[in-house]
Amino acid sequence: MNGASEQLLRRVAAALTQVRDPAGEDVVSTGRVRALEVLDDGVVRFRFALRPEDPSTLVREARAAAEAVEGVSKVRIDVGLPAAAGAGARPAQPSPGRPAPGTVPAPTPAPDLLPEVGHVIAVSSGKGGVGKSTVAANLAAALAQLGHRVGLLDADVYGPNIPLMFGERRRPRVVAGQPGAEKIEPLDAHGVRLMSLGFLLDEAQPAIMRGPLISGILKQFLEQVEWGPLDYMIVDMPPGTGDAQLSLVQTVNLDGALMVTTPQTVSTTDVLRGIKMFERVNARVLGVVENMSGFVCPSCGERHDLFGAGGGQRLAQAAGVPFLGEVPLELAVREGGDAGLPVVLARPESPAGRAFRALAERVVGMV
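(A) A look at the overall build of the chain. A count of helices and strands for the chain gives 11 helices and 15 strands. Looking at the chain as a whole, 50% of its 367 residues are labelled buried. Sequence-distant contacts, at least 24 apart, represent 72% of the contacts inside the chain between residues at least 6 apart. Counting every atom, the chain has about 17,400 Å² of accessible surface; 51% of that belongs to carbon and sulfur.

Okay, here's the thing in structure tokens:
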């Protein structure tokens, strides 16, 4: 290690001592930060050993502190998960070449995988039926409406609804790639470049596959699709915390995940698990969007909170992430989704249309 790297290492270590747990102890002296090193070109890497009592934001605070040091170009963190409460057994020794139990390897995305894509944003939940695809479709359409070049990757292979929501059922064509490899050309609809397994299957054909196949399809859609230059790629994730989510964060440089919930507790509890999953794999959570937040009667104008109220805000506060807004339960949203025209385009002045546009503007400001 040269002198410049040693100086940078000392500055990063000093910055990390300013990150403290709720008891006031810093993450360096308590042994949470381990194997701190400076790699080439200002890349900083270290292991972070979480404890069961640690808040979910502690790793994010450590990352922010290291990134703020002048001369640091990137921060990579190997996160060690906390042991289960009451566990007294000695942890099993890892096999050669395999990570230790309870740790998540640092993502190693290929730097040239999406060279022409500016930002990659995942829209996720942890639970099905919360309107995640609706949010992804309208976010992508709103970003395109704002003048950005946008792609939408439908990674929900079990329920690929993006073709329906954009009114597009054509088969994508295959084009010659570089150097000489064939690639799939995305379809264009409403100013958004689209790719979905739904374009490749018959309408009633189910996708019957195990986890590794899902990861393979996601990687194929990233590597073998001619996306071209994009300002934003939106990835509509399947519900849950499984193979697709892990594959995404370990394949591409993810700018953040947008978490979608509905107000009721049965939804926010599952989405909280999704937030924890992204944090465990060292991926940024941009914030929480509350969908179906309330229904305003078109006849009397009275609001009815059919699924409860305030759940999204409470979830965001508990998780320590921003609350990005509410999208009302509105007939125009369902009509737009069924007709293949997202509500942000079909009814831009409706409450839901305005909410989606505001969400897009806020996402642009965050990334």
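(B) Summary view of the pairing of strand β12 (residues 256-261). Here β12 lies mainly inside the structure; six of its six residues are buried. A two-sided burial pattern is seen for β12, the buried positions comprising G256, L258 and V260 on one face and A257, M259 and T261 on the other. Note that strand β5 (residues 117-124) and β12 share four bridges and pair parallel. Its bridge partner lying in β12, S124 is registered against M259. In this structure, β12 lies alongside strand β13 (residues 285-296), joined through five bridges in parallel fashion. Looking across to β13, one finds that T261 is bridged to E290.

(C) Here's a closer look at helix α3 (residues 132-145). In this model, α3 (14 residues) spans 20 Å end to end at C-alpha, consistent with the 20 Å of a helix rising 1.5 Å per residue. Counting buried positions along α3 gives 13 out of 14 residues, so the element sits mostly inside the fold. A positive backbone phi angle near 100° is found at G147, which sits one or two residues after α3.

(D) Geometry of the packing of helix α7 (residues 265-280) against helix α8 (residues 311-319). Interhelical geometry of α7 versus α8 gives an angle of 30° and a closest axis separation of 10 Å. The hand of the α7/α8 crossing is right-handed. Judged by residue contacts, T268, V271, L272, I275 and E279 of α7 engage G311, G312, L315 and A319 from α8. Partitioned by chemical class, the residues of the contact of α7 with α8 number five nonpolar, three polar and one charged.

(E) Focus on the pairing of strand β2 (residues 43-49). Across the seven residues of β2, five count as buried, placing the element largely inside the fold. Here strand β1 (residues 33-38) runs beside β2; their pairing, made up of four bridges, is antiparallel. If you follow V33 over to β2, its bridge partner there is F48. In textbook terms, the turn of a hairpin is the stretch between consecutive antiparallel strands, and for β1 and β2 this stretch comprises four residues, one of which, D41, has a positive phi near 60°.

(F) Focus on the pattern of salt bridges. In the structure shown here, the tally under the stated rule is 13 salt bridges. With a closest N to O distance of 3.2 Å, D236 and K132 form a salt bridge. Separated by 104 residues along the polypeptide, D236 in strand β11 (residues 230-236) and K132 in helix α3 bring together distant segments of the chain. Accessibility expressed as a relative area gives 0% for D236, which makes it buried.

(G) Looking closely at helix α9 (residues 331-339). When we look at burial in α9, the residues that qualify are A332, V333, G336 and G337. In a view along the axis of α9, the buried residues occupy a sector of 135°, so they form one face of it. Exposed and facing more than 90 degrees away from the buried side of α9 are L331 and A339. Where α9 is buried, its residues meet α3, α4 (162-165), α10 (343-346) and α11 (351-366). Positioned one or two residues after α9, G340 has a phi angle of 80°, which is positive.

Parameters at a glance
- Residues numbered from 1 in each chain as written.
- Predicted model: local features only at pLDDT ≥ 70, side-chain atom pairs only at ≥ 80, totals over all residues.
- Heavy atoms only, no water.
- Helix = DSSP H or I, 4+ residues; strand = E, 2+ residues; numbered from the N terminus.
- Buried < 20%, exposed > 50% of the residue type's maximum accessible area, 1.4 Å probe, protein only.
- Contact = heavy atoms within 4.5 Å.
- Areas by Shrake-Rupley, 256 points an atom, 1.4 Å probe, with all protein chains shown as cover.
- Pairing = 2+ DSSP bridges.
- Expected span 1.5 Å × (residues − 1).
- Axes fitted to C-alpha atoms, helices over the stretch in contact; angles between N-to-C directions.
- Left-handed = near helix turned anticlockwise from the far one by under 90°.
- Nonpolar A, V, L, I, M, F, W, Y, C, P; charged D, E, K, R; others polar.
- Salt bridge = Lys/Arg side-chain N within 4 Å of Asp/Glu carboxyl O.
- Arc of directions from axis to C-beta.

Such coordinate-based values are descriptive only and should not be taken to indicate function.
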